[in-house]
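Chain and residue survey
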Amino acid sequence: MALTVKATINGTEYNLNLNTSTNKYEATVTAPTASSYNYNSGHYFPVIVTATDEADNSSSVDDTHSSLGDSLKLFVKEKVAPTITNVSPSNSANMPTSNPTISFKVLDNSNGQTSGYSGIDIDSLKLTVKGSSIPVTNITKTAITGGYECSYTPATALADGNCTYTISVSDNDGNTSATTTTTFKIDTQPPKLNVADFDSAYTNSKTVVVSGTTSDETSSPVTITIKVGSKDQGSVTVNNDGSFSKTVTLENGLNTITIVATDTADKKSTVTKTITLKTDAPTFKNVSITPNPVDAGKTYVISVEVE
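Described below are features of the structure shown in this document. (Residues numbered from 1 in each chain as written. Predicted model: local features only at pLDDT ≥ 70, side-chain atom pairs only at ≥ 80, totals over all residues. Heavy atoms only, no water.)

Counting its secondary structure elements, the chain contains zero helices and 25 strands. When its C-alpha atoms are laid out on the principal axes, the chain stretches across 160 × 30 × 30 Å. Split into buried and exposed, the 307 residues of the chain put 32% on the buried side. Across the chain, the fraction of contacts at a sequence separation of at least 24, relative to all contacts at a separation of at least 6, is 60%. As displayed, the chain has an accessible area near 18400 Å², and 48% of this comes from carbon and sulfur atoms. Taking the average location of the 21 positive side-chain charges in the chain and that of its 30 negative ones, the two points are 12 Å from each other. (Helix = DSSP H or I, 4+ residues; strand = E, 2+ residues; numbered from the N terminus. Buried < 20%, exposed > 50% of the residue type's maximum accessible area, 1.4 Å probe, protein only. Contact = heavy atoms within 4.5 Å. Areas by Shrake-Rupley, 256 points an atom, 1.4 Å probe, with all protein chains shown as cover. Lys, Arg positive; Asp, Glu negative; His and termini not counted. Charge placed at Lys NZ, Arg CZ, Asp CG, Glu CD.)

The structure is reproduced here in structure tokens:
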């Protein structure tokens, strides 16, 4: 009996040829390029097989058949692993808060293709912060094209210093991303700043030396800025031991000098000093001697008015 046997898979029809050694109708078929995960709730492509005899009698079976149905379900898995992008904080970042928000994207279509992927299995998302696993339910997840935008803010303050976190995720076809490992610094403390007092609250010199020391255990190096009033005094060299010295220019009258130390986490410490510049010598307005003349051996009063 001559039969024509065909299989229809994902909308494409294939002819099956008789293998005389096995007496089975066979065809070698290239699988669809897309994952079957999102095709239906069973995550498979249905296969329909139709046989027609020489009298044009035809019969078909498909995935709903009571005994053969399970054999007519084609499961296709894509092999592209998800990717993790837009990770923040980045490596070596300095964060001035003990509750920094960690954010990132997990994508299953990193090459720009919009279909054919199984999609992110969001329940497989793994985030560890300082070695502690974060429950998926504690991570905020927003669906986007091809994946999710995710964020996590620690409810408990993290200690100052290095903080390492890792991220990995799988797709619905079981492909797992490379683990992303990121280390940043937490610095909630401003740098230390000590500024030497001036020798006097007054000076007749148009310049004065501002000197001191600064340090920061977590977020070195520290930079120093100095202003006299609103005028920036230019770059200030901070030595390896944290010492600094800068000659600044004064204006006549009261000068307010503001010294600011800033670490790499943008934490600041400020010290304010004042000094008065007076370059005009005193002038005599009036001098008197009373009595004048004075009897020998007697006392007299000398009175001087100065401004």
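The sheet built from four strands is open, its strands ordered 7-9-13-12 with antiparallel pairing. Of all strands in the sheet, those with a lone pairing partner are strand 7 (83-88) and strand 12 (140-144), marking the two edges. On average, each strand axis in the sheet is tilted by 20 degrees relative to the strand beside it, whichever way the strands run. Pairing analysis gives six bridges linking strand 9 (residues 102-107) to strand 13 (residues 147-152), with the strands arranged antiparallel. (Pairing = 2+ DSSP bridges. Axes fitted to C-alpha atoms, helices over the stretch in contact; angles between N-to-C directions.)

With that settled, the discussion passes to the environment of Gln233. Within the secondary structure, Gln233 sits in the loop between strand 20 (231-232) and strand 21 (243-249). Taking the C-alpha atoms as reference points, Gln233 and Thr249, separated by 16 residues in sequence, lie 7.7 Å from one another. Only 3.0 Å separates the side chain of Gln233 from the backbone oxygen of Lys231, close enough to count as a polar contact. (Polar contact = N/O pair within 3.5 Å; in protein donor to acceptor, adjacent residues only side chain to side chain.)

This part is about the side chain of Ser177. When you line up the elements, Ser177 lands in the loop between strand 14 (161-171) and strand 15 (180-186). Ignoring anything within four residues of it in the chain, the contact list for Ser177 reads Ala81, Pro82, Ile84, Ser168 and Val169.

With that settled, the discussion passes to the sheet that holds strand 8 (residues 94-95). Hydrogen bonds along the backbone pair up the strands of a sheet, which may run parallel or antiparallel. If you walk across this open sheet you meet the five strands as 8-15-14-10-11, and the pairing is mixed. If you trace the sheet from one side to the other, it starts and ends with strand 8 and strand 11 (132-134), each paired once.

Tallying each qualifying case throughout the model produces three aromatic pairs. Pairing Tyr165 with Phe184 gives two aromatic rings, centres 5.9 Å apart and planes at 65 degrees, and the pair type is edge-to-face. Taken as a pair, Tyr165 in strand 14 and Phe184 in strand 15 lie far apart in primary sequence, 19 residues in all. Since its relative accessible area comes to 0%, Tyr165 is described here as buried. According to the relative accessible area criterion, Phe184 is buried, its value standing at 1%. (Phe/Tyr/Trp six-rings, centres within 6.5 Å; stacked < 30°, edge-to-face > 60°.)

Oppositely charged side chains may form a pair once their charged atoms are brought near each other. On inspection of all chains with the given rule, the structure shows seven salt bridges. The salt bridge partner of Asp70 is Lys73, with a shortest N-O separation of 3.2 Å. Given a relative accessible area of 63%, Asp70 falls into the exposed group. With its nearest N and O atoms 3.9 Å apart, the salt bridge here joins Glu149 to Lys105. Of the two residues, Glu149 is situated in strand 13 and Lys105 in strand 9; the sequence distance between them amounts to 44 residues. Of the residues examined, Lys105 reaches a relative accessible area of 25% and is grouped as partly exposed. (Salt bridge = Lys/Arg side-chain N within 4 Å of Asp/Glu carboxyl O.)

Moving on, we come to the environment of Asn138. Within the secondary structure layout, Asn138 lies in the loop between strand 11 and strand 12. The class of Asn138 is partly exposed, set by a relative accessible area of 45%. Along the sequence, Asn138 and Gly297 sit 159 residues apart, while their C-alpha atoms lie 99 Å from each other.

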